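If you want the building blocks of each chain, they are given just below.
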Amino acid sequence: MVKQSNARFSGTDNGIVSMSETVGFCPKRLKYHLEMYNKYSVLEEPFSKDSDEVKNPPQILKLPVSMKIKSKDIDHLSGCKKLRKKLQKEKKLVKHAKVVKGEALQSKLDFYQTTDMDILKNAYADFVNTRQESRSLYYSHSSMKATRKYELQKQRQVDVLCSSERKFVKGKKNPSIMFTGDRGYGVGSPIKGHLKYGGKWKQEKHSKYTPVVITNEFNTSQTCLYCFEKLEHPLRKVQKKDKEEAVRPVNGAFECVNSKCILNITGRSTIPRDRLSALAVGLSGLTKVLFGATFPPFDYNISQSNTELFNQRAALFRTGNRE
């Protein structure tokens, strides 16, 4: 399948702000990055500034175009945003003021660490007194009907998003394998201020139509895919309120600081963080499937035997030979 020119693969990086970012690539890109690894890590031969590849950088030096799925997209398309605003509007009515006041008081209590039984008794008494009002607010006929509509609409819109992501990867009905990272789903995350629709539901839906492989994300967002050295966040100057300048890292991007890397020589050292990580997840998973070992910088259990196995089978793949 990899030898087919129309085969397509993808890598997906999960997150909280951007729920997922997916890039597609072909076997030609895999072979190019294997050549880069062989040149920098195995042979340790840097590029010359007079070489043809530096003077005329290939299109493959640019990272592939990505497709982002954000939590706010699901929140809007599924109708959850509309349902939430409707509930907030209902709570402002006078007849529900008692429920809102009781919820505000209970939210300030710590039921797990309190040692005063009177606090628990009073809280339970308030709950009993507002029980009927709470039911009329949350479990009325109109509320249950709106909730059911939201559940059906969410299921339909999620299917549409997953279908568009598969079309983005496959193109014109090409065979494909999707590789997705094993971290960053946002489930149980203590980070506040963001909608959390993450989880493994997207991989499960994709697996009904195309093969999906869960890939270890070790070092995928910290390694340059051209020289395989560690990356750093670029710095920028910011102006504080007291008119003093401060230096802050740009968290959405990475910069390769290796002066011998082809990205630095061609002036392309700054690259998007999530897009890089998504491509690295795809390349790491594909090499693991093909060779039984991934790039050594991405190998969580790195060893001499795994490195030799990868180098040997990668060389056979690059030269077109078979065992």
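Structure shown above.
**Student:** Teacher, can you tell me more about the overall build of the protein chain here?
**Tutor:** The number of helices and strands found in the protein chain is twelve helices and ten strands. Radius of gyration (C-alpha) of the protein chain: 26 Å, far over the 20 Å computed for a compact globule of 323 residues. Oriented by its inertia axes, the alpha-carbon framework of the protein chain measures out at about 80 × 55 × 35 Å. Relative to its full complement of 323 residues, the protein chain shows a buried share of 39%. Counting contacts in the protein chain only where the partners sit at least 6 residues apart, residues at least 24 apart contribute 67% of the total. Carbon and sulfur atoms form 52% of the exposed surface of the protein chain, whose accessible area is close to 19600 Å². If you average the places of the 59 positive and of the 33 negative side-chain charges in the protein chain, the two averages end up 9 Å apart.

**Student:** Help me understand the pattern of salt bridges in this model?
**Tutor:** A pair can form between side chains of opposite charge whenever their charged atoms are brought close. If you walk through the whole model with that rule in mind, you get seven salt bridges. The partner of Lys91 in a salt bridge is Glu103, and the shortest N-O contact between them spans 3.4 Å. Of this pair, Lys91 sits in helix H4 (residues 80-91) while Glu103 sits in helix H5 (residues 97-107); the two residues are twelve residues apart in sequence, bridging distant segments of the chain. On the accessibility criterion, Glu103 (31% relative accessible area) is partly exposed.

**Student:** Looking at this structure, how should I read the side chain of His206?
**Tutor:** Mapped onto the elements, His206 comes out in helix H9 (residues 201-206). With residues up to four places along the chain from it excluded, the contact list for His206 reads Cys162, Glu165, Arg166, Met178 and Val212.

**Student:** Would you mind showing me how to read the nonpolar core here?
**Tutor:** Counting 40 residues, the largest nonpolar core has Leu34, Cys224, Leu225, Tyr226, Phe295 and Phe310 as its most contacted members. The set of elements that each furnish at least two residues to this core consists of strand E2 (18-25), helix H1 (27-42), strand E4 (176-181), strand E9 (253-256), helix H10 (262-265), helix H11 (273-291) and helix H12 (304-319). The dominant element in this core, judged by the number of residues it contributes, is H11, at seven residues. Met19, Ile69, Ile74 and Tyr150 belong to the second-largest nonpolar core, a separate cluster that totals eight residues.

**Student:** Help me out: how do you make sense of the packing of H4 against helix H8 (residues 141-170) in this one?
**Tutor:** For any two helices packed against each other, the geometry is given by the interaxial angle and the distance between the axes. In contact at an axis separation of 10 Å, H4 and H8 are set at 165 degrees when each is read in the N-to-C sense. The angle between H4 and H8 places the two elements in the roughly antiparallel class. Considering only the axes of H4 and H8, their crossing is left-handed. Across the interface between the two elements, Cys80, Leu83 and Lys86 from H4 touch Ser142, Ala146, Thr147 and Tyr150 from H8. Of the residues contributing to the contact of H4 with H8, the split by class is four nonpolar, two polar and one charged.

**Student:** Can you help me understand the side chain of Ser20 in this one?
**Tutor:** If you trace the backbone, Ser20 turns up in strand E2. Residues contacting Ser20, with those up to four places away along its chain left out, are Thr12, Asp13, Asn14, Met67, Lys68, Ile69, Glu165 and Lys202.

**Student:** I tried to follow unusual backbone geometry on my own but got confused; where do I start?
**Tutor:** For Asn219, which is not glycine, the phi torsion reads 65 degrees and is therefore positive. Within the element layout of this structure, Asn219 appears in the loop between strand E5 (212-215) and strand E6 (231-232). Given the relative accessible area of 15%, Asn219 is considered buried. The backbone phi angle of Phe228 is positive, close to 60 degrees, even though this residue is not glycine. Its place among the elements puts Phe228 in the loop between E5 and E6. Phe228 sits in the buried class, given a relative accessible area of 8%.

**Student:** Explanation requested: the layout of surface pockets in the structure shown.
**Tutor:** Space inside the largest pocket adds up to approximately 410 Å³. In terms of lining, the largest pocket is formed by 20 residues, of which the most central are Asp13, Asn14, Gly15, Ser221 and Asp274.

**Student:** Is there a simple way to explain the pairing of E5 in this structure?
**Tutor:** In summary, the side chains of a regular strand alternate between the two faces of the sheet. The pairing of E4 with E5 spans four bridges and is classified as parallel. The partner of Thr180 across the bridge, within E5, is Ile214. At this point the chain moves from E4, through H9, to the parallel E5, and the crossover so formed is right-handed.

**Student:** What is the right way to read the sheet that holds E6 from this model?
**Tutor:** Pairing between the strands of a sheet is mediated by backbone hydrogen bonds and can be parallel or antiparallel. Reading across from one edge, E6-E9-E10 is the order of the three strands in this open sheet, with antiparallel pairing throughout. Two strands in the sheet have a free side with no partner beyond their single neighbour: E6 and strand E10 (270-272). As paired elements, E9 and E10 share three bridges and run antiparallel to each other. Across the sheet, residue Phe254 finds its bridge partner in E10, namely Ile271. Against the sheet, H11 engages E6, E9 and E10, with an angle of about 75 degrees to E10.

Conventions we followed
- Within any chain, residue numbers begin from 1 and follow the written order of that chain's sequence.
- Owing to the predicted nature of the model, reporting of local features is limited to residues with pLDDT of at least 70; listing and counting of side-chain atom pairs is limited to 80 or more, with chain, interface and lining totals taken over all residues.
- Derived side-chain values reflect all non-hydrogen atoms in the structure, with water molecules and hydrogen atoms excluded from consideration.
- A helix here means a DSSP run of H or I that spans at least four residues, while a strand means a run of E at least two residues long, and both kinds are numbered starting from the N terminus.
- All radius of gyration figures rest on C-alpha atoms, and the globule criterion is 2.2 Å times the number of residues raised to 0.38.
- Think of it in three bands: residues with accessible area under 20% of the maximum for their type are buried, residues over 50% are exposed, and the middle band is partly exposed, with areas taken using a 1.4 Å probe on protein chains only.
- We call two residues in contact whenever any of their non-hydrogen atoms come within 4.5 Å of each other.
- Surface exposure here means Shrake-Rupley accessible area, sampled with a 1.4 Å probe, where a residue is shielded only by the protein chains that are shown.
- Under this rule, positive means Lys or Arg and negative means Asp or Glu; His and the chain ends count for nothing.
- Taken as the charge centre is NZ of Lys, CZ of Arg, CG of Asp or CD of Glu, depending on the residue.
- A carboxyl oxygen of Asp or Glu within 4 Å of a side-chain nitrogen of Lys or Arg is what we treat as a salt bridge.
- For this analysis, a nonpolar core means a set of buried residues of the types Ala, Val, Leu, Ile, Met, Phe, Trp, Tyr and Cys, connected via side-chain atoms within 4.5 Å.
- Here the axes come from fitting lines to C-alpha atoms, over the contacting stretch only for helices, and the angles between their N-to-C directions go from 0 to 180 degrees.
- An angle below 35 degrees is treated as roughly parallel, one above 145 as roughly antiparallel, one from 65 to 115 as roughly perpendicular, and anything else as oblique.
- It is the rotation of the near helix from the far one that decides the hand of a crossing: anticlockwise by less than a right angle makes it left-handed, clockwise makes it right-handed.
- Side-chain classes follow a simple rule in which Ala, Val, Leu, Ile, Met, Phe, Trp, Tyr, Cys and Pro form the nonpolar group, Asp, Glu, Lys and Arg form the charged group, and the remainder, Gly included, forms the polar group.
- Cavities and pockets are found on a 1 Å grid laid over the protein atoms alone: a cavity is a set of points where a 1.4 Å probe fits but cannot escape, a pocket is an open set with protein on both sides within 12 Å along at least five of seven lines, and a lining residue has an atom within 4 Å of such a point.
- Grid points are joined across faces, edges and corners, and a volume is the space filled by probe spheres set on the points.
- Two strands qualify as a pair provided that DSSP identifies no fewer than 2 bridges between them.
- Look down the strands so they point away from you; if going from the first strand over the helix to the second traces a clockwise path, that crossover is right-handed.

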